Amino acid sequence: MSSTSMVIHRHAGAIRKVMRNSEVTNAVQVSLKYPHPEVKARAVKLCTNAVGYDDMIDAEHISILKELLQGDRHIKHSVINFFKVAAEGLRDKVFDTETISALRNRLGDRDEDVRSRTVEFFTAAVFQEGLRDKVFDTETISALRNKLGDGDKYVRGLVVAFFTAAIYQEGLRDKVFDTETISALRNKLGDGDKDVSGMVVAFFTAAIYQEGLRDKVFAAETISALRNCLGDKWDVGTFMRMERSMTVGSTAVEFFTAAASQEGLRDKVFNRETISTLRNRLVNEENYVRRRVDAFFTAAKYQEGLRDKVFDTATISALRNRLGYRDEDVRLSVFEFFSAAASQKVLRDKVFDAETISALRNRLGVRSRVLKPFTAAASQVGLRDEVFEAETIFALGNSLDDRGRDVRSTMVEFFTAAASQEGLRDRVFNAETISALRNGLGDRDEGVRSRMVEFFTAAASQEGLRDKVFDAETISVLWKGLGYEYSMPVRSKMVEFFKAAASQEGLRNKVFNVETVFSLLTELAHVKPDARSAVIDIFKHHADIFHLIYDCLIISTLCAQLTSTDRIVQDGTRSLLSQAIKFDDVHDRICHSPLRACFQCPRHAPMECTFNIAPAPTSPNGLSA
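Because the structure is predicted, anything quoted here is derived from the model rather than measured. (Residues numbered from 1 in each chain as written. Predicted model: local features only at pLDDT ≥ 70, side-chain atom pairs only at ≥ 80, totals over all residues. Heavy atoms only, no water.)

Tallying secondary structure elements over the protein chain gives 42 helices and zero strands in all. The burial tally for the protein chain puts 53% of its 625 residues in the buried class. The contacts in the protein chain between residues at least 6 apart in sequence include a share of 63% that link residues at least 24 apart. Carbon and sulfur atoms make up 49% of the accessible area of the protein chain, which amounts to about 29,200 Å² in all. (Helix = DSSP H or I, 4+ residues; strand = E, 2+ residues; numbered from the N terminus. Buried < 20%, exposed > 50% of the residue type's maximum accessible area, 1.4 Å probe, protein only. Contact = heavy atoms within 4.5 Å. Areas by Shrake-Rupley, 256 points an atom, 1.4 Å probe, with all protein chains shown as cover.)

Laid out in structure tokens, this is it:
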């Protein structure tokens, strides 16, 4: 609801009662004719507030209001506002030929504020379906077009806004946009005020999306004029209320970015000269212009009919050079471009030459997004051999120890992606890389540790990688990840790893033994419920691990008895074990378990107990319960 409508709604009863009183109505008419401007202004305001009620404004009021369009400038402001409000509420009653003519004449008023308010009235009328046909005849359109040459920049800007609004009204487009209007708008691309020029560029950008208007608007002369705007470096922003980081040139770049997506317009717009001009803007001194040019090239790479035209050697070289720019946003937008280009087969061969790969490699470690092109390249069969040379792999491995948390985290993402690529695994995962990844399990940042566990979880399912990655040292570090020095989220990720490892027969036997299963059992009380369910699933679905649990429980009980305060229980248990280890299979099961810490086997040196042993309960006769 508009502010005027809210006033009417709030005071509807009072206004209706006052305006229906014949004496008051006569008084309002008298006030409208009163010589004092303030009295007239208040009478006009009362009429404006009464617009929502058709029977409150009669022909006499309207006749007087039309006459007031010739009066004092302050009164004219109020009267134009009345007609603007009336465009919504009293269209049929108010707007006859005479009224429209009177309003049109105000476009030539000496006062720029009156001219501005009149243009705003016609812009508001654009959106009133029942009023458009009445208002916008040839004479009105011609008068508005002439105001593109108004001496006041604010008026000119409002006229451009009027034509931009008219674009979206199908029934109005054909009437408004003839050759003369389009020519006048094209000429305003070179307006003396850069705010106005920027608004005209925005008008042409809006016109791109109107299929019925494109052929009319985008003649060679218009495209040439828009191309010339790319070189304009003057700031815009005062009138358009845009950010100060805009220029006419950067607004023009947005036009060409929009044009890139329009199949019927691309061939007309993108000739060699246009592409060359856009490429030259890559070295523009204003970073915000360069960022918009980056957006254009990013959009262009998805347009099949435009790629071959745009991405020649000179353009690729210019984009590559931007990897060394000081402005971080500029660099990152280029990294995004190369990441996306890796997945475009037609573009890949052109973009990723030795020089580009070297430039990307040299930026490793600068920011996490630098790594994205490499992560994207990992899945591209036709690109892997070129990108992942020994030097690149060495640099990627070093990034695992980068000071930046985001760099280390993104680096793990790369190695996780590489783990699933058969043609890349043998080249990437050497002893140094695996050692660096293992060390990452102890990273100072919890998020990086979690990502690292995710890598090992992914590696568990890769048959060609398992033997390389999961040596005794790595498995030991992974088990330590269940310890209390790690946060619960990391421990829960560890449980996911062990679940994955349990499902891989070749890995299960390396990872799970009596001691590690006991750790996993202990961890049940210290992880999230979903992780707890995962541990139980491991035990349920793998019989050999279930047998380990059985051994674990027996050994735990024996350990408790060997450390019991009851001497009879201790001696009886020790005697039993001394007899049992004479059998080789029993000996191996006992002496390769934590029980070694509690029972001194003659064949082995003592070891520290790793079980959390509670004293065994005893029965009254001294034996273990």
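A few words on helix α32 (residues 431–439). Among the residues of α32, Thr-433, Ile-434, Leu-437 and Arg-438 are the ones counted as buried. The buried residues of α32 all sit within an arc of 135° when viewed along its axis, so they share a single face. Structural note: α32 exposes Ala-431, Glu-432 and Asn-439 on the side pointing more than 90 degrees away from its buried face. (Arc of directions from axis to C-beta.)

For the rest of this paragraph, the subject is the packing of aromatic side chains. In total, this model carries 27 aromatic pairs according to the counting rule given. Their ring planes at 25° and their centres at 5.7 Å tell us that Phe-429 and Phe-455 sit as a pair that is stacked. Taken together, the residues Phe-429 in the loop between α31 (422–428) and α32 and Phe-455 in helix α33 (residues 446–460) connect sequence positions 26 residues apart. Judged by relative accessible area, which is 1%, Phe-429 ranks as buried. (Phe/Tyr/Trp six-rings, centres within 6.5 Å; stacked < 30°, edge-to-face > 60°.)

Mean pLDDT for the protein chain: 76, with 72% of residues reaching 70 or above. In this model, residues 1–13 is a region of pLDDT below 50 whose contacts with residues beyond four sequence positions or in other chains number 13 contacts. Taken together, the stretch residues 607–625 has pLDDT below 50 and engages in 39 contacts with residues farther than four places along the chain or on a different chain. (pLDDT = per-residue confidence, 0-100.)

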